Amino acid sequence: MSVDQTTVKRVAKLARIALSDEDAARMEGELNAILGFVEQLSEVDVSGVEPMTSVMPMEMKKRHDVVSDGGKADDIVANAPETTDNYFLVPKVVE
Amino acid sequence: MTDLTSLTIAQARAELDKGSFTSVELTKAYLDAIEAANPAINAYVKVTPEKALEMADVADTRIASGAAGPLEGIPLGIKDLFATEGVHTQACSHILDGFEPRYESTVTANLWRDGAVMLGKLNMDEFAMGSSNETSYYGAVRNPWRAKGSNMDLVPGGSSGGSAAAVSANLCAAATATDTGGSIRQPAGLTGTVGIKPTYGRCSRWGTVAFASSLDQAGPIARDVRDAAIMLRSMASVDEKDTTSVDIAVPDYEAAIGQSVKGLKIGIPKEYRVDGMAEEIDEVWSKGIEWLRDAGAEIVDIELPHTKYALPAYYIVAPAEASSNLARYDGVRYGLRVPGKDIVDMYEKTRAAGFGREVQRRIMIGTYVLSAGYYDAYYLRAQKVRTLIKRDFELAFENGVDAILTPATPSAAFGIGDQDMASDPVKMYMQDIFTVTVNMAGLPGISVPAGLDHKGLPLGLQLIGKPFDEETLFRAGYVIEQAAGSFKPNRWW
């Protein structure tokens with residue numbers, strides 16, 4: 001399988017990365033080189049093979065359903081580019 | 001007095017205990033070395049002298065009062081991927097500009113608990129994506145090694161290139177590193193240092209910037225096998241904050257050093273003899289086999305038939321997980337924000353400006369293979385192949401093999417800005433051909449220096465072990481180290 005310019009731009013949209021036409025052209029070649037390389041997986045017989053979900057067999061750990069952390073609003077917004085009163089500020093989303 | 005920076009952790013620890021010098025003196029020696037060398041090597045992206053001296057002072061008090069921890073007063077470098085409270089943590093990416101976490105990663109917290117001193121943060125490929133350290137926002141790291149009679153700058157490998165270069169050039173006693181496809185073992189191989197990626201689940205991933213969560217593991221890069229064992233014991237832990245951290249007590253790895261390998265069964269997989277591999281890699285591999293045989297190990301040929309599919313499967317699984325993990329960098333909660341006409345425009349511009357080319361490439365591949373209509377053909381198939389790769393190893397271990405010996409890398413260090421590599425991303429990916437299988441199967445792997453090639457550049461051997469059997473790797477790795485000797489670059493910087 002390979003990708004064309006339209007697909008590259010659609011994927012960039014999904015990935016939320018602005019891509020100029022020039023970048024898209026370059027990316028098309030690079031992505032196709034990688035997709036060409038992974039193509040060899042199609043020759044492996046995977047019938048009846050379970051997909052890996054956990055590399056070390058273990059039971060999912062669960063913690064008690066209690067509040068164990070919190071009261072850290074200042075810490076959470078400390079690194080944000082724009083905030084006001086412990087809220088993250090973003091451009092207008094709803095008109 | 002001998003140069004304090006030339007001492008291993010084990011040696012420095014003994015001298016600190018005797019009072020031959022203080023941790024403050026040792027730390028100052030490293031800070032001076034960094035100041036002199038870093039403009040040339042570029043191993044550190046942030047040096048923290050005040051914090052280092054403060055920590056060293058506390059360590060000296062603890063040593064004096066007889067309360068020294070296992071790493072008391074030992075100066076370390078920390079890969080920029082580990083969250084360090086109040087200190088530069090950017091995974092060497094532009095998108096994390098100015099990020100100073102309000103918390104400490106579990107791995108680094110364990111090291112400080114045991115008395116270690118932080119010198120600063122080490123350079124790496126952006127988000128650990130790369131095998132040459134050239135994708136760092138902070139520029140390439142120069143390998144302290146140069147070919148005989150040449151002044152060409154070589155890469156230290158990656159992604160833990162800063163860690164490997166700093167250890168090799170004596171700019172820290174040892175360093176933390178991480179390994180998703182070979183990022184500890186490949187740079188260790190290219191710089192004549194020892195690097196171990198422990199079993200998946202041995203070190204907590206909490207507070208380590210995520211790349212591919214089902215593959216990422218922290219581990220040390222150190223001067224020798226003993227130091228790697230000392231470091232891993234402190235870094236490893238069972239952690240409530242990481243549900244994939246495994247409930248097995250951390251053993252005293254150092255105790256395995258010097259134990260006989262008599263009767264150990266060492267597997268040699270023929271699939272690791274790949275086309276185009278340098279003859280010298282093959283020679284060093286043969287030497288490794290001889291050394292272990294001479295020490296009493298039994299050498300057996302084994303088959304790992306799905307080996308060649310590990311790298312292509314990795315280039316589906318790792319980018320898929322990365323595209324999900326890196327979705328959080330959106331210009332809202334931390335790091336860089338590039339203004340846009342609306343929120344989506346802001347996201348897109350921020351991510352275009354903040355992520356480098358290799359990172360964008362991997363996010364795109366990951367997004368594509370997870371997108372509607374392609375998931376089964378790519379991601380699901382790759383996860384099935386992963387099961388087969390793991391099964392290959394399990395069969396070898398079931399047949400009595402205790403560890404597997406392979407080369408660490410397909411070549412010695414190559415030039416910075418290598419045109420071949422730059423023109424085709426897959427060429428660079430091939431650097432991980434011997435190491436990536438181990439991540440896919442979650443196993444431990446150690447890279448130990450084994451010799452120099454005809455240009456005088458270091459080559460490493462890799463030992464792969466059973467899950468949570470790092471001790472056998474330290475045991476067999478030490479035998480290789482004893483036979484091969486140790487390797488240091490000639491100082492040019």
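Residues numbered from 1 in each chain as written. Chains lettered and ligands numbered in written order. Predicted model: local features only at pLDDT ≥ 70, side-chain atom pairs only at ≥ 80, totals over all residues. Heavy atoms only, no water.

Novice: Honestly, the overall build of chain A in this entry has me stumped. Any pointers?
Specialist: Within chain A, the secondary structure is distributed over three helices and two strands. Each helix and strand of chain A, placed in order from N terminus to C terminus, yields the pattern α-α-α-β-β. Taken against the 2.2 N^0.38 rule, which gives 12 Å for 95 residues, the C-alpha radius of gyration of chain A at 22 Å runs more than 25% over that of a compact globule. Principal axes of the C-alpha set define a box for chain A whose edges measure 55 × 45 × 25 Å. Across the 95 residues of chain A, 28% fall into the buried class. The contacts in chain A between residues at least 6 apart in sequence include a share of 28% that link residues at least 24 apart. Of the roughly 6500 Å² of accessible surface on chain A, a fraction of 52% belongs to carbon and sulfur atoms. Charged side chains of chain A number 10 positive and 18 negative; the gap between the two group centres comes to 5 Å. (Helix = DSSP H or I, 4+ residues; strand = E, 2+ residues; numbered from the N terminus. Rg over C-alpha atoms; globule rule 2.2 N^0.38 Å. Buried < 20%, exposed > 50% of the residue type's maximum accessible area, 1.4 Å probe, protein only. Contact = heavy atoms within 4.5 Å. Areas by Shrake-Rupley, 256 points an atom, 1.4 Å probe, with all protein chains shown as cover. Lys, Arg positive; Asp, Glu negative; His and termini not counted. Charge placed at Lys NZ, Arg CZ, Asp CG, Glu CD.)

Novice: Honestly, the side chain of asparagine 439 of chain B in this entry has me stumped. Any pointers?
Specialist: Residues and elements named next belong to chain B. Here asparagine 439 shows up in helix H15 (residues 436-441). Among the polar contacts listed, one links the side chain of asparagine 439 to the side chain of arginine 185, at a separation of 2.6 Å. Every residue in contact with asparagine 439, bar those within four places of it in the chain, is listed here: Asp179, Thr180, Gly181, Gly182, Arg185, Lys197, Leu215 and Arg386. (Polar contact = N/O pair within 3.5 Å; in protein donor to acceptor, adjacent residues only side chain to side chain.)

Novice: Just to check I follow, could you spell out the nonpolar core for this structure?
Specialist: For soluble globular proteins, the rule of thumb is that nonpolar side chains tend to be buried together. Phe127, Phe393, Leu405 and Phe474 of chain B are the most contacted members of the largest nonpolar core, which totals 181 residues. Leave out the neighbours within four places in its chain, and phenylalanine 127 of chain B touches Ala91, Ser93, Ile95, Leu96, Val209, Phe211, Leu326, Tyr329, Phe355 and Val359 of chain B. By size, the runner-up hydrophobic cluster in this structure holds six residues, among which are Met52 and Met56 of chain A together with Val246 and Phe468 of chain B. (Core = buried A, V, L, I, M, F, W, Y, C linked by side-chain atoms within 4.5 Å.)

Novice: Help me understand helix H7 (residues 225-235) of chain B, please; the structure alone is not making it clear to me.
Specialist: Structurally, the α-helix is built with 3.6 residues per turn, so residues lying three or four positions apart point the same way. The buried count for H7 of chain B comes to nine of eleven residues, which makes it a mostly enclosed element. Those residues of H7 of chain B lying buried are Val225, Asp227, Ala228, Ala229, Ile230, Met231, Leu232, Ser234 and Met235 of chain B.

Novice: Would you take a moment to explain the packing of helix H2 (residues 21-38) of chain A against helix H11 (residues 357-370) of chain B for this structure?
Specialist: Packed helix pairs are specified by the crossing angle of their axes together with the interaxial distance, meaning the distance between the axes. Their axes nearest at 11 Å, the elements H2 of chain A and H11 of chain B cross at an angle of 60 degrees. The orientation of H2 of chain A relative to H11 of chain B falls into the category oblique. For the crossing formed where H2 of chain A meets H11 of chain B, the hand is right-handed. When H2 of chain A is examined against H11 of chain B, the residues Arg26, Met27, Glu30, Leu31, Ile34 and Leu35 of chain A are found in contact with a partner set consisting of Arg357, Gln360, Arg361, Met364, Ile365 and Tyr368 of chain B. Split by residue class, the contact of H2 of chain A with H11 of chain B holds seven nonpolar, one polar and four charged. (Axes fitted to C-alpha atoms, helices over the stretch in contact; angles between N-to-C directions. Parallel < 35°, antiparallel > 145°, perpendicular 65-115°, else oblique. Left-handed = near helix turned anticlockwise from the far one by under 90°. Nonpolar A, V, L, I, M, F, W, Y, C, P; charged D, E, K, R; others polar.)

Novice: Honestly, the state of the cysteines in this entry has me stumped. Any pointers?
Specialist: One way to say it: the disulfide is the covalent bond shared by the sulfur atoms of two cysteines. Residue and element names in this part refer to chain B. All chains considered together, the criterion is met by zero disulfides over all chains. With no disulfide of its own, cysteine 92 lies 14 Å from the sulfur of cysteine 172, the closest cysteine sulfur. Note on cysteine 172: relative accessible area 0%, which makes it buried. (Disulfide = S-S within 2.5 Å.)

Novice: Looking at this structure, I do not really get the environment of aspartate 75 of chain A. What am I missing?
Specialist: Relative to the assigned elements, aspartate 75 of chain A resides in helix H3 (residues 73-77). For the pair aspartate 75 of chain A and asparagine 86 of chain A, spaced eleven residues apart in sequence, the C-alpha to C-alpha distance is 9.4 Å. A distance of 2.7 Å separates the side chain of aspartate 75 of chain A from the side chain of arginine 102 of chain B, its partner in a polar contact.

Novice: Would you explain the interface of chain B and chain A in this entry?
Specialist: Interface extent is often summarised as the accessible area lost during association of the parts. In this assembly, 71 residues from chain B lie in contact with 52 residues from chain A. At the boundary of chain B with chain A, total buried surface from both sides reaches about 5400 Å², with 70% on carbon and sulfur atoms. Where chain B touches chain A, the interface holds seven salt bridges. Linking glutamate 348 of chain B and lysine 13 of chain A is a salt bridge whose minimum nitrogen-to-oxygen distance equals 3.1 Å. Remark: the boundary between chain B and chain A carries 20 residue pairs in polar contact (both at pLDDT 80 or more). Contributions of two or more residues to the side of chain B that touches chain A are made by helix H9 (310-325), helix H10 (343-354), H11, helix H12 (376-398), helix H14 (425-429) and H15 of chain B. Looking at the side of chain B that touches chain A, the element that brings in the most residues is H12 of chain B, giving twelve residues. Residue classes in the side of chain B that touches chain A are distributed as 37 nonpolar, 15 polar and 19 charged. (Buried area = accessible area lost by both parts, 1.4 Å probe. Salt bridge = Lys/Arg side-chain N within 4 Å of Asp/Glu carboxyl O.)

Novice: What exactly am I supposed to notice about the side chain of glutamate 126 of chain B here?
Specialist: Along the chain, glutamate 126 of chain B falls in the loop between strand S3 (117-122) and helix H5 (161-168). Although glutamate 126 of chain B is buried, it forms no salt bridge, and the closest oppositely charged side chain is arginine 362 of chain B at an N-O distance of 9.8 Å.

Novice: It is not clear to me how the confidence of the model for chain A should be interpreted in this structure. Could you clarify?
Specialist: Any segment with low pLDDT has predicted coordinates that should not be analysed in fine detail. Of all residues in chain A, 100% have pLDDT values of 70 or greater, and the mean over the chain is 93. When the elements of chain A are averaged for pLDDT, H2 of chain A gives the smallest value, 95, and helix H1 (residues 5-14) of chain A the largest, 97. (pLDDT = per-residue confidence, 0-100.)

Novice: Sorry, what's going on with a nonpolar patch on the surface here?
Specialist: Taken together, Val90, Val93 and Val94 of chain A make up a surface patch of nonpolar side chains, about 270 Å² in accessible area. One can find valine 94 of chain A in the segment after strand S2 (87-88). (Patch = residues over 30% accessible without salt bridge, like charges linked within 9 Å, V, L, I, M, F, W, Y side chains within 5 Å.)

Novice: What exactly am I supposed to notice about the pattern of salt bridges here?
Specialist: Two side chains bearing opposite charge may form a pair once their charged atoms approach each other closely. Counted according to the given criterion, the structure contains 31 salt bridges over all chains. As a salt-bridge pair, lysine 61 of chain A and aspartate 247 of chain B come within 4.0 Å of each other at their nearest N and O atoms. With lysine 61 of chain A in the loop between H2 and H3 and aspartate 247 of chain B in the loop between H7 and strand S7 (265-269), the pair connects residues from two separate chains. A residue is classified by how much of its surface remains accessible, and lysine 61 of chain A, at 23% relative accessible area, is partly exposed. For aspartate 247 of chain B, a relative accessible area of 59% gives the class exposed. Several salt bridges converge on common partners, so that one network encompasses Asp23, Arg26 and Glu30 of chain A together with Arg357, Glu358, Arg361 and Arg362 of chain B.

Novice: What exactly am I supposed to notice about the packing of aromatic side chains here?
Specialist: What describes a pair of aromatic rings is the distance from one ring centre to the other and the angle between the planes of the rings. All names here are of chain B. Inspection of the entire model under this criterion finds 16 aromatic pairs over all chains. Taking 5.5 Å as the distance between ring centres and 55 degrees as the angle between the ring planes, the aromatic pair formed by tyrosine 103 and tryptophan 206 counts as tilted. Here tyrosine 103 is found in the loop between strand S2 (75-79) and helix H4 (106-113), whereas its partner tryptophan 206 is found in the loop between strand S5 (194-197) and strand S6 (217-222), with 103 residues between them in sequence. For tyrosine 103, a relative accessible area of 36% translates into the label partly exposed. Of the aromatic side chains, those joined through ring pairs into one cluster are Phe99, Phe127, Tyr329, Tyr334 and Phe355. When the ring centre of tryptophan 492 is taken as reference, the NZ or CZ atom of arginine 146 above it lies at 3.6 Å. Directly above the aromatic system of tryptophan 206 lies the positively charged group of lysine 241, at a separation of 4.3 Å from the ring centroid. (Phe/Tyr/Trp six-rings, centres within 6.5 Å; stacked < 30°, edge-to-face > 60°. Lys NZ or Arg CZ within 6 Å of the ring centre and 35° of its normal.)

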